[in-house]
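Architecture and fold: a report
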Amino acid sequence: MMSANTWAREQWSAKHIPKALLGHVMETLLSGEDTAGTARLASPWDAWWASYRAGISLAHFGVGIAAPIRSCTTCAVDALALMTSTPPCHPDLAEARPCGCLLEWAVRMRAPSVPVSWPPLSLTVALIKPGAPGSQIRDQLERTHKVLRIIRRTLTTDDTRRLYPEAYGADYVAARDSYLTRAPVEVLLLLDQRAHGDETAIADLKARIRRAIGADELHNHLHMPDNPGEALADIAHLAGNETLAELYERYERDHAAERLAFYRSALGVGAADSHSD
Ligand SMILES: [Zn+2]
């Protein structure tokens, strides 16, 4: 049987580590499960990303963090300062830095990689971008998901930065911001209706919808997190902490321990103390 513990950490592309940390942070807070230990990261920017994406400072992580000993000191200091602020702050990716680590890290975060089979989460969120064929996308989503709530809002550049903290390249970021903030978006809170074991990964579902409606790299019509940590972070950000807490208690609380075990395995939490796997 494929359990969380059979996941060799080496199988993971480094870009998935911050997403596992985000899942761990969100679910520790939401479930109240008692956790401890230290998450082993590939870069200090991994922890900053999880912190910024969640809007949660390091003090509330519920787990310690350790970056590789060979990490650049400047980056360790800067990332720590940004993620211990309340709320966490963002480095200006366009500004000159004394080293190239942050840009290298951002490039890695946005590079294609082998997909991960994340533990299932029934709740998710779809953000239908300005100018997208909304009813067509809703019809497609309703084949697999129940729409729990619809929220209309106009995004600001603070929102776009929170959704994509790792985006880099001044021209790309400017084009993205003008696309996403020009008109209201529709946020759908969704519940997966498929039987357990019948889930096509959200990444595949999203790709299929984008293909069906015709999308290019920037104007891709639909934002939909493909991992549980980002789904929870986006629900909190776009619908509010209270709504997330209520939905989580109702639909997700029962399987929190299994997902936390998966994250802990992926993050190497406790691996130094126990080799009993
Ligand atoms: Zn550096």
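Now for a description of the structure that goes with this document.

Quick notes on the rules
- Residues numbered from 1 in each chain as written.
- Predicted model: local features only at pLDDT ≥ 70, side-chain atom pairs only at ≥ 80, totals over all residues.
- Heavy atoms only, no water.
- Helix = DSSP H or I, 4+ residues; strand = E, 2+ residues; numbered from the N terminus.
- Contact = heavy atoms within 4.5 Å.
- Buried < 20%, exposed > 50% of the residue type's maximum accessible area, 1.4 Å probe, protein only.
- Polar contact = N/O pair within 3.5 Å; in protein donor to acceptor, adjacent residues only side chain to side chain.
- Pairing = 2+ DSSP bridges.
- Axes fitted to C-alpha atoms, helices over the stretch in contact; angles between N-to-C directions.
- Donors = N, O, S within 2.8 Å, 3.2 Å for Na, K, Ca; no water.
- Tetrahedral: all angles 85-135°; square planar, octahedral: opposite > 155°, others 65-115°.

**Quick look at the environment of leucine 180**
Relative to the assigned elements, leucine 180 resides in helix α7 (residues 170-181). Measuring from C-alpha to C-alpha, the distance between leucine 180 and aspartate 46 comes to 25 Å, with 134 residues separating the pair along the chain. The contacts of leucine 180, once residues within four sequence positions are left out, are Lys129, Pro130, Leu155, Thr160, Tyr164 and Val185.

**Focus: the side chain of asparagine 220**
Inspection of the secondary structure assignment puts asparagine 220 in the loop between α8 (202-213) and β6 (222-223). Of the residues examined, asparagine 220 reaches a relative accessible area of 12% and is grouped as buried. At 2.6 Å, the side chain of asparagine 220 forms a polar contact with the side chain of lysine 129. Apart from the residues within four sequence positions on either side, asparagine 220 is in contact with Lys129, Tyr179, Arg210 and Ala215.

**So, the sheet that holds strand β5 (residues 185-192)**
If you trace the 4 strands from one edge of the open sheet to the other, you get β4-β5-β3-β6, paired in antiparallel fashion. Here the strands that pair on one side only, and so sit at the sheet edges, are β4 (145-153) and β6. The pairing of strand β3 (residues 123-128) with β5 spans 6 bridges and is antiparallel. Among the inter-strand pairings, leucine 127 is bridged to a residue of β5, identified as valine 187. Packed onto the sheet, helix α5 (residues 134-141) meets β3, β4, β5 and β6 and runs at close to 10° relative to β5.

**Let's talk about the coordination of the zinc ion**
Around the zinc ion, the protein contributes the donor atoms Cys72 (SG), Cys75 (SG), Cys99 (SG) and Cys101 (SG), at 2.2 to 2.4 Å from the metal centre. Viewed at the metal, the 4 donor atoms of the zinc ion are separated by angles of 102 to 115°, and the geometry they form is tetrahedral. We note that the donor set of the zinc ion lies within a single chain, spaced as C-x2-C-x23-C-x1-C. Of the residues examined, cysteine 101 reaches a relative accessible area of 26% and is grouped as partly exposed.

**Regarding the environment of glutamate 246**
Looking at the secondary structure, you find glutamate 246 in helix α10 (residues 241-251). Along the backbone, glutamate 246 and aspartate 46 are 200 residues apart, and their C-alpha atoms lie at a distance of 28 Å.

**Brief notes about helix α2 (residues 44-54)**
Residues three or four positions apart in an α-helix share a direction because the helix packs 3.6 residues into each turn. Counting buried residues along α2, 11 of its 11 residues qualify, which places the element largely inside the surrounding structure. Within the span of α2, buried status applies to Pro44, Trp45, Asp46, Ala47, Trp48, Trp49, Ala50, Ser51, Tyr52, Arg53 and Ala54. Its side-chain oxygen placed 2.9 Å from the backbone nitrogen of tryptophan 45, serine 43 serves as the N-cap of α2. Positive phi appears at glycine 55, one or two residues downstream of α2, with a value of about 70°.

This is a description of form; function is not addressed.
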